[in-house]
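# Report on the structure
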Amino acid sequence: SHSLGSLLQRVRWLESLTHDIKNHLHKEFSTHVTASSVQQDKLIIYVDNAAWATKLRFHNPSLKKHFSTHPQLRHYKTIKIKINPLNGLPQRTT
């Protein structure tokens, strides 16, 4: 139960981070970008194909600057962009 609670907390935090990233970027990114995980000072962001990965790499300096102004995000020094073809699929609603 404790591990389930911590997992749920992590999922909510990643959703919040994804929302923050989407708000910072142009609206065209909103359905293509998902914060996936954090490893030490590295944030991993998934996009749905190589074209979006290339576009997002151009925004990398802007994201780093944006993160540096947020107390909870300023320790992320590296942003890694990975491709996940399932990222762009519509969310399933229950």
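Let me begin by describing the structure that accompanies this report. Residue indices begin from 1 for each chain and proceed along its sequence in written order. In keeping with the model being predicted, local features are shown solely for residues with a pLDDT of at least 70 and side-chain atom pairs are shown and tallied solely at 80 or more, while totals for entire chains, interfaces and linings include all residues. Only hydrogens and water are set aside when side-chain values are computed; all heavy atoms of the structure are taken into account.

## Thoughts on the overall build of the chain
Keep this limit in mind: Helix and strand assignments come from DSSP, with helices taken as H or I runs of at least 4 residues and strands as E runs of at least 2, each series counted from the N terminus. Note on classification: 1.4 Å probe, protein chains only; a residue is buried when its accessible area is under 20% of the maximum for its type, exposed when over 50%, partly exposed between these limits. The contact definition used throughout considers only heavy atoms, calling two residues in contact when any of these lie within 4.5 Å.
The helix and strand tally for the chain stands at three helices and three strands. Ordering the α and β elements of the chain from the N terminus gives α-β-β-α-α-β. Overall size of the chain, expressed as C-alpha extent along the three principal axes, is 40 × 35 × 20 Å. In the chain, which comprises 94 residues, the share counted as buried stands at 31%. Across the chain, the fraction of contacts at a sequence separation of at least 24, relative to all contacts at a separation of at least 6, is 61%.

## With respect to the packing of aromatic side chains
For any pair of aromatic rings, the description consists of the separation of the ring centres together with the inter-plane angle of the planes. What counts is decided by this rule: Any two rings among Phe, Tyr and Trp, with Trp reduced to its six-membered ring, count as a pair given centres within 6.5 Å; such a pair is stacked if its planes are under 30 degrees apart, edge-to-face if over 60, and tilted if neither.
Tallying each qualifying case throughout the model produces two aromatic pairs. Pairing Trp13 with Tyr76 gives two aromatic rings, centres 6.3 Å apart and planes at 50 degrees, and the pair type is tilted. One end of the pair, Trp13, is in helix H1 (residues 2-24); the other, Tyr76, is in the loop between helix H3 (60-68) and strand E3 (78-83), and 63 residues separate them in sequence. On the accessibility criterion, Trp13 (28% relative accessible area) is partly exposed. When its relative accessible area of 6% is taken as the criterion, Tyr76 is described as buried. Considering the side-chain rings of Phe29 and Trp52, the 5.3 Å spacing of their centres and the 70 degrees angle between planes classify their relative orientation as edge-to-face. Here Phe29, found in the loop between H1 and strand E1 (33-39), pairs with Trp52, found in helix H2 (residues 50-58); they are 23 residues apart in sequence, far enough to count as distant. Each of the two residues, Phe29 as well as Trp52, counts as buried.

## With respect to the pairing of E1
Which entries qualify depends on this criterion: Note: two strands are recorded as paired if DSSP finds a minimum of 2 bridges between them.
One ladder, built from six bridges, connects E1 with strand E2 (residues 42-47); its direction is antiparallel. If you follow Val33 over to E2, its bridge partner there is Val47.

## With respect to the nonpolar core
What counts is decided by this rule: Residues enter a nonpolar core if they are buried and are Ala, Val, Leu, Ile, Met, Phe, Trp, Tyr or Cys, with the set joined through side-chain atoms within 4.5 Å.
If you look at the biggest cluster of nonpolar residues, it comprises 20 residues, and the most contacted ones within it are Ile21, Leu43, Ile45, Leu56 and Phe67. If you list the elements that add at least two residues to this core, you get H1, E1, E2, H2, H3 and E3. Setting aside residues no more than four positions away along its own chain, Ile21 makes contact with Val33, Ala35, Leu43, Ile45, Leu63 and Phe67.

## Structural notes on H1
What counts is decided by this rule: Take the number of residues in a helix, subtract one, and multiply by 1.5 Å to get its expected span.
Across its 23 residues, H1 extends 33 Å between first and last C-alpha, which sits within 8% of the 33 Å expected from 1.5 Å per residue. Within H1, the full set of buried residues consists of Leu14, Leu17, Thr18, Asp20 and Ile21. On its buried side, H1 packs onto E1, E2 and H3.

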